[in-house]
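One letter stands for each residue in the lines below.
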Amino acid sequence: MRTSPFLLNLCLLLLCSPLLWGQTKPGNDGKKEEQPVTANFGAKAGFTAALSLLNDFSIGGTPVEQVQNNYKVGYFASLFMRINFGKHFLQPEVSYNVNQCDVSFNKPGLPSAAGSVATTTASIESKIHSIDIPVIYGYNFIKTGPYAMSAFGGPKIRYIWRDKSDVTFRNFDQTNIHEELRPLNLSFTLGVAVAISRIFFDFRYDIGLLDMSKGVTCQPADESETDNTIRFRRRDNILSFSLGVFF
């Protein structure tokens, strides 16, 4: 039996109507009018500054204190879809990121002739490639004509491309040091954005929620050493700025 074109069009209209009309607002006569739900796409690119937070950091069982973070500039590019309903919006994204950071500290050395402990500086330099998938919810507290200002937040799944990423340990006593990174990580994103017509500026801060390091393996410089382990838990917090456009 052939389906009537009229019935087919009617079914399509009924299925699509909840997507096109989702929110209500008061009309001139006091009754509520349906407010359309719209969707658009966009792209953005920008720069990042990553901060590595090392917890429970120890070398050979000795705690390492006074770790200093040295910011380095990274970069990223992303595509997104924004679903608008009134002043609210939902925005899933996918982005490619290259984040760089440098952590330095003073490591304890052998006692000097004066009886004090000599120290030398060591560092951990990271260049991490990742694919990030955040899903953010936002609210436009200013939305007048072509101008808008919004605040947003939401979870972000981070897939670390371990074959492309590189972690370098400098001036350590151990050799052949390798850190194994977890491929999947979770962050929470907070930010604000300012839009003028189709152009917008985006500021956000990503808070790392999970330990991204599975462990560090190495070989002792002196075979007589019994404890040469390097241990720490690592979370990355990332500040980013981007310029984007709505299609």
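First, a word on what this report is: a plain description of the structure on this page. (Residues numbered from 1 in each chain as written. Predicted model: local features only at pLDDT ≥ 70, side-chain atom pairs only at ≥ 80, totals over all residues. Heavy atoms only, no water.)

**Quick notes on the side chain of aspartate 102**
Defined as follows: Every helix listed is a DSSP run of H or I at least four residues long, and every strand listed is a run of E at least two residues long, numbered separately from the N terminus. The rule is simple: take the accessible area with a 1.4 Å probe, protein chains only, and divide by the maximum for that residue type; under 20% is buried, over 50% is exposed, in between is partly exposed. Asp and Glu are treated as the negative residues and Lys and Arg as the positive ones, with His and the ends of the chain left uncounted. Salt bridges, as used here, are contacts in which a Lys or Arg side-chain nitrogen is within 4 Å of a carboxyl oxygen on Asp or Glu. Contacts were defined at the residue level, with two residues in contact if any of their heavy atoms lie within 4.5 Å.
Among the structural elements, aspartate 102 can be located in strand S6 (residues 88-111). With no salt bridge to any partner, buried aspartate 102 finds its closest opposite charge in lysine 72, at an N-O distance of 4.5 Å. Setting aside its immediate chain neighbours within four residues, aspartate 102 contacts Gln68, Asn69, Asn70, Lys72, Ser123, Ile124 and Glu125.

**Description of the nonpolar core**
One recurring pattern in soluble globular proteins: nonpolar side chains tend to sit buried together. As a reminder, the rule being used: Side-chain atoms within 4.5 Å link the members of a nonpolar core, which is a set of buried Ala, Val, Leu, Ile, Met, Phe, Trp, Tyr and Cys residues.
Membership of the largest hydrophobic core comes to 19 residues, with the highest contact counts inside it found for Phe57, Phe105, Ile124, Phe169, Phe172, Ile230 and Phe232. Of all elements in the fold, only strand S2 (32-59), S6, strand S7 (117-144), strand S9 (166-170), strand S10 (175-181) and strand S14 (230-246) reach the threshold of two or more residues within this core. If you look at the next biggest cluster of nonpolar residues, it comprises five residues, including Ala148, Ala195, Phe200 and Phe246.

**A word on unusual backbone geometry**
One non-glycine residue, aspartate 56, lies in the positive phi region at around 50°. With respect to the secondary-structure elements, aspartate 56 resides in strand S2. Given a relative accessible area of 58%, aspartate 56 falls into the exposed group.

**Let's talk about the pattern of salt bridges**
Using the criterion set out here, one finds 12 salt bridges in the structure. A salt bridge links aspartate 202 to lysine 44, with the nearest nitrogen and oxygen atoms 3.3 Å apart. Of this pair, aspartate 202 sits in strand S12 (residues 199-208) while lysine 44 sits in strand S2; the two residues are 158 residues apart in sequence, bridging distant segments of the chain. No difference in accessibility class separates aspartate 202 from lysine 44, as the two residues are buried. Of the charged contacts, one joins glutamate 180 and arginine 162 as a salt bridge, the two residues approaching to 3.8 Å between their closest N and O atoms.

**With respect to the packing of aromatic side chains**
As a reminder, the rule being used: The pairing test for Phe, Tyr and Trp rings, Trp by its six-membered ring, is centres within 6.5 Å, and the orientation test on the planes gives stacked under 30 degrees, edge-to-face over 60, and tilted for anything in between.
Counting across every chain of the model gives 10 aromatic pairs. With centroids separated by 5.7 Å and ring planes inclined at 75°, the aromatic side chains of phenylalanine 80 and phenylalanine 200 adopt a geometry described as edge-to-face. Taken together, the residues span a long stretch of sequence, with phenylalanine 80 in strand S5 (residues 73-85) and phenylalanine 200 in strand S12 at a distance of 120 residues. Of the residues examined, phenylalanine 80 reaches a relative accessible area of 3% and is grouped as buried.

**Quick word on the side chain of serine 150**
Its place among the elements puts serine 150 in strand S8 (residues 147-160). Beyond its immediate sequence surroundings of up to four residues, serine 150 is in contact with Phe89, Tyr139, Asn140, Phe141, Gly191, Val192 and Ala193.

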